[in-house]
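Reading the structure
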Amino acid sequence: MSALTSHLRKYAAAPVCHDIQINGQLVGLHDSGVLWWPDESILVVADLHLEKGSSYARRGVMLPPYDTGATLEKLAGVIDAFDPACVICLGDSFHDPDGSDRLPAPYRAMLTTLQLGREWIWVTGNHDPVAPVRLCGVTVDEVKVGPLVFRHEPVEKVGSSEAAGEVCGHLHPAARVRRFGRSIRRACFVTDNTRLVLPAFGALTGGLNVTDKAYSMIFRRRQFSVFMLGNDRLFPFTASRVVGD
Amino acid sequence: MDAALLPNRFQSWFAARGWAPRQHQLQLIDHLSAGHSTLLIAPTGAGKTLAGFLPSLVELEARGKRKPGTAGDGIHTLYISPLKALAVDIARNLEAPVSEMGLPVRLETRTGDTPSHKRQRQKLNPPDILLTTPEQIALLLSDPASARLFASLKTVILDELHALVTSKRGDLLALGLARLRRLAPGLRTIGLSATVAEPDDLRAYLVDQPDPEGRALSHMVQVAGGAQPDISILDSEERVPWSGHSSRYAIRDIYELIKKHKVSLLFVNTRSQAEMVFQELWRINDDTLPIALHHGSLDVGQRRKVEAAMASGALRAVVATSSLDMGIDWGDIDLVINIGAPKGASRLAQRIGRANHRMDEPSKAVLIPSNRFEVLECQAALAASKQGKQDTPPLRQGALDVLAQHLLGLACADPLDAVATHDEIRSSETYRHLDWETFEKVLDFVATGGYALKSYDQYAKLRKGKDGLWRIAHPKIAQQYRLNVGTIVEAPMLKVRLVRSKADGRRTPVGRGGRVLGEIEEYFIEQMAPGDTFLFGGEVVRFEGLRENEAYVSRTKSDNPMIPSYMGGKFPLSTYLAEGVRAMLASPSTWKALPDQVREWLEIQRDKSVLPAKDGLLVETFPRANKHYMVCYPFEGRLAHQTLGMLLTKRLERLGARPLGFVANDYALSVWGLSDLSLSFSSGKIPLDQLFEEDILGDDLDAWLADSSLLKRTFRNCAVIAGLIERRHPGQEKSGRQVTVSSDLIYDVLRAHEPDHILLKATWNDAAEGLLDISRLGELLARIRGRITHTGLPHVSPLAVPILLEIGKEPVYGEAIDTLLADAAEELILEAME
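Residues numbered from 1 in each chain as written. Chains lettered and ligands numbered in written order. Predicted model: local features only at pLDDT ≥ 70, side-chain atom pairs only at ≥ 80, totals over all residues.

This part covers the domain arrangement of chain B. Residues and elements named next belong to chain B. Here the domain parsing of chain B yields domain 1 (3-222), domain 2 (230-387), domain 3 (493-555), domain 4 (609-692 + 785-819) and domain 5 (697-771). The interface is formed by five residues belonging to domain 2 together with five residues belonging to domain 4. For the side of domain 2 that touches domain 4, a count of residues per class yields two nonpolar, two polar and one charged. (Domains from an automatic or database assignment. Contact = placed C-beta atoms within 7 Å. Nonpolar A, V, L, I, M, F, W, Y, C, P; charged D, E, K, R; others polar.)

Okay, structure coming up:
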């Protein structure tokens, strides 16, 4: 098989994404909550919060110990579908600094298998400011690729040059729309085509409504779009259509 | 006992008031002095409370004054009431006879409002009589000092027992009683109750159940009801509406009734009804009669004011929800007006009992049906009342989430022996069927979360020592327990604050420091957009916006508030009244008692369609506006109908009938869709017997429930009660929602990875009993087997009109959430393309 046909086959088999431009760069948003950058074969995932269950259990709140497994299984499915050359985890990959140390052996093995044959970048987050232990991958505070820069927390400046091309997580965006007297709340991507905030990927991660004032630090008021996660597709809305909690 | 054998002080106290001790009061003293627990069933006004306390007062009188400087004897008598206001009220009423007789008795209350220094003192120097609530009992029992505190306890008085036992608070109390019996052997209980359908349930609740097979019962004293109540159904000149719950048509009649009586109590079933009736009354209140409003979401200060005004006789009428159903003395009410259907014969009897506290005079009540079906229901309730029939629900099986909470509490007090504790718990009637395996699972849940994946052992809350006893791992856990005790999980509430309106297009709410009107459920506000109007605290307000945990509203001149999420009657129609309604429909000879317009309605139904048979099920189908409707009349209450509606829709979808949605009320259920249902049924393409087959409660139910938001809400309650997630406490709200772990996410993860987890089992039990009414649905499906009558009609029948009118008012189910989103998104696309 020639390199070209192999490339084409892979392209055809790649999951359907919603294509948008960030800082002039074409990227795809996927309904699993990941960002896919086909030109660079980079897959970006934010806020895995692995070992959140055990983090709570340490304080006597016995959340189900299945969150890490559920998150990794979902991640494995996405990686299998996109087969990226590089995975960037956008910070808060572990719920606390000891999380990677607590990671049970089967999950460690699973994660290591996912890392095989590809570049893996851990971006640090406020929950996990240090490099994970006994795991492969490079740990950085942020990483710049072409016109895009990947970091955990968004720079709190609207329309600044630092913000151009920023792809981040941290906020766990969620949006609510009202329809026929019912309201529907889902995790979502938020973007103004200059920068992009990814939804949290972890199984036990809640969401912060995009009408919260935290977002006014990074987007001009009501000048952004959201892409709500649905089953098998994304639902786009302009900021004027979303409501607070 | 002969009244002459009462101690002198008591005899002269009665005599000084021109009273004589009543027979049942003396009987209770006899039973108690013989060491027997006793259930007292008596109507309001029979001196029930005094009867409950007399045995203790007599005993304490005989014990005499404590010598100064000697240690106290501990608590002699506990009085437990479902309402803290009731405990405080009773304490006040009891202080009079105690001081008038000069009895050497110290009595105190202990509720959530009691200051902590007083609570501390109560533990060190306990009163003779402590008046309190089930939650406080649980708290006291989790204290290491509990054994000492209750060692000399002699009597427990349980007030309003009929109301307590129907909820999880009753479960918590049952567990507490089992522990109290162990701490104070020989303990006697007194249950005070209104008339119930199955007194034996309460008698069993009161005593130890040593035998796994047989059922031990307490003694019982029953006081015959007073004079027959004088109940009538309003015969209005106005047209009785086809549907709805507003009773607006009768407001003139209601006003006239209030005018003719001294003090009227108006009961309604929901808060929004209360608001509406109150507002309508004031609209026509030309004589400016003092009419007040009382419901659970009003500001506490506001409620206390109304209560005080009522007691002092300053009011002519109060519009109230069930927040006034119970116990507290409201002075001289000479008329009870029940607006809307009574929903249950016993509920009606208890409400009517609120009028006129003198037993020998008949209580007077008027029923105001708010639509035609409710006329039938009121008629059935009237018949039940004449025969003195009761339809209180049967005793519940103890909930597992409450058990989890209780086990942690016990371990906080003392090292816990699993086998002995299991026996102790099974000695209560409510938990007698608790098997060892389930018990162990609950204990494991408390210790480590009870997961099949044993990864939390190192973080265990309870640890088993070498001696085989379970202890809490850290004192902090006892603190955690104290913050989470109790079984009432409030729906998240928002304060409603009045501000100046600034309808000038600015999006942020303005005005600050306005008056707080009360609290409202978060889900209600979620449905609203700024500018929407609704009724609150008796006035029409305009929703301005949200700020933190407050909903800002302003005054508005609008006359027509939109009340977007009217949730129908709060209580489903009781089985007993449902049977009465079906019987009435099936026998036209009884119709002469009905108002003319209602009778005509039924007669036309008989001519144009068919009357529902007493034990069968009538299914009508007809086309209307390009859609095909199916209406059936099970009369089993809204909850059971909703569940059936969900299941029928799923099944019809599978059979290719393309249903679009359904709507349910207390009496009927309608499903509509695109395919010709008349043809499908009459041709046998969809056999009706198969559609209503009992197996519908199997896989279809499971499939639907998997994603049901109903179940998620139930799960949240169970998770909070069981202590898996912590309660939100006042002042903590600001921490923000993204910080707290959403119970929906926990539910999803748990369902996917450990579907038979004990907490999911508890959730399922709860939902089956409450929200879904599965058992009632099962009985219905069994009852109608082979008795389904189908009639295909050219157009809507008279009986079907009410349910069709509900479409658009009641929530319509059956549309997938994703479809709604897609729809909204597409609309946006259209908008963009124009």
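On we go.
Residue and element names in this part refer to chain B. Taken residue by residue, chain B gives an average pLDDT of 84. The fraction at 70 or more is 86%. Between residues 504-510, whose pLDDT stays under 50, and residues either more than four places distant or in other chains, the model counts nine contacts. This stretch, residues 828-834, has a pLDDT under 50; its non-local contacts, to residues over four places away or in other chains, come to two contacts. Interface confidence for the predicted complex, expressed as ipTM, amounts to 0.84; the pTM equals 0.82. (pLDDT = per-residue confidence, 0-100.)

Glancing now at the packing of helix α23 (residues 638-654) of chain B against helix α30 (residues 774-784) of chain B. All names here are of chain B. Where α23 meets α30, the closest approach of the two axes is 9 Å, and the angle between their N-to-C directions is 70°. Between α23 and α30, the angle is such that the two are roughly perpendicular. Here Ala640, Thr643 and Leu644 of α23 lie close against α30, whose contacting residues are Ile774, Arg776, Leu777 and Leu780. Counted by class, the contact of α23 with α30 contains five nonpolar, one polar and one charged residues. (Axes fitted to C-alpha atoms, helices over the stretch in contact; angles between N-to-C directions. Helix = DSSP H or I, 4+ residues; strand = E, 2+ residues; numbered from the N terminus. Parallel < 35°, antiparallel > 145°, perpendicular 65-115°, else oblique.)

This paragraph deals with the nonpolar core. With 218 residues, the main nonpolar core has Leu266, Val318 and Val442 of chain B as its most contacted residues. Ranked by residues supplied to this core, first place goes to helix α16 (residues 400-413) of chain B with nine residues. Not counting the four nearest positions on each side in its chain, Val442 of chain B is found in contact with Leu400, Leu403, Ala404, Leu407 and Ile758 of chain B. Of all hydrophobic cores here, the second largest spans 57 residues; its members include Leu48, Val87, Cys188 and Ala200 of chain A. (Core = buried A, V, L, I, M, F, W, Y, C linked by C-beta atoms within 7 Å. Buried ≥ 20, exposed ≤ 12 C-beta atoms within 10 Å, placed from the backbone.)

Attention now moves to the sheet that holds strand β11 (residues 317-320) of chain B. In sheet architecture, strand pairing relies on hydrogen bonds along the backbone and comes in two forms, parallel and antiparallel. Residues and elements named next belong to chain B. A sheet is described by the order of its strands in space; here six strands give the open sequence β8-β13-β12-β9-β11-β10, paired in parallel fashion. Both edges of this open sheet fall to β8 (230-233) and β10 (291-294), since each of them pairs with a single strand only. When the angles between neighbouring strand axes are averaged without regard to direction, this sheet yields 20°. Direction of pairing for β10 relative to β11: parallel, over a ladder of four bridges. Pairing of Ala292 across the sheet is with Val318, part of β11. (Pairing = 2+ DSSP bridges.)

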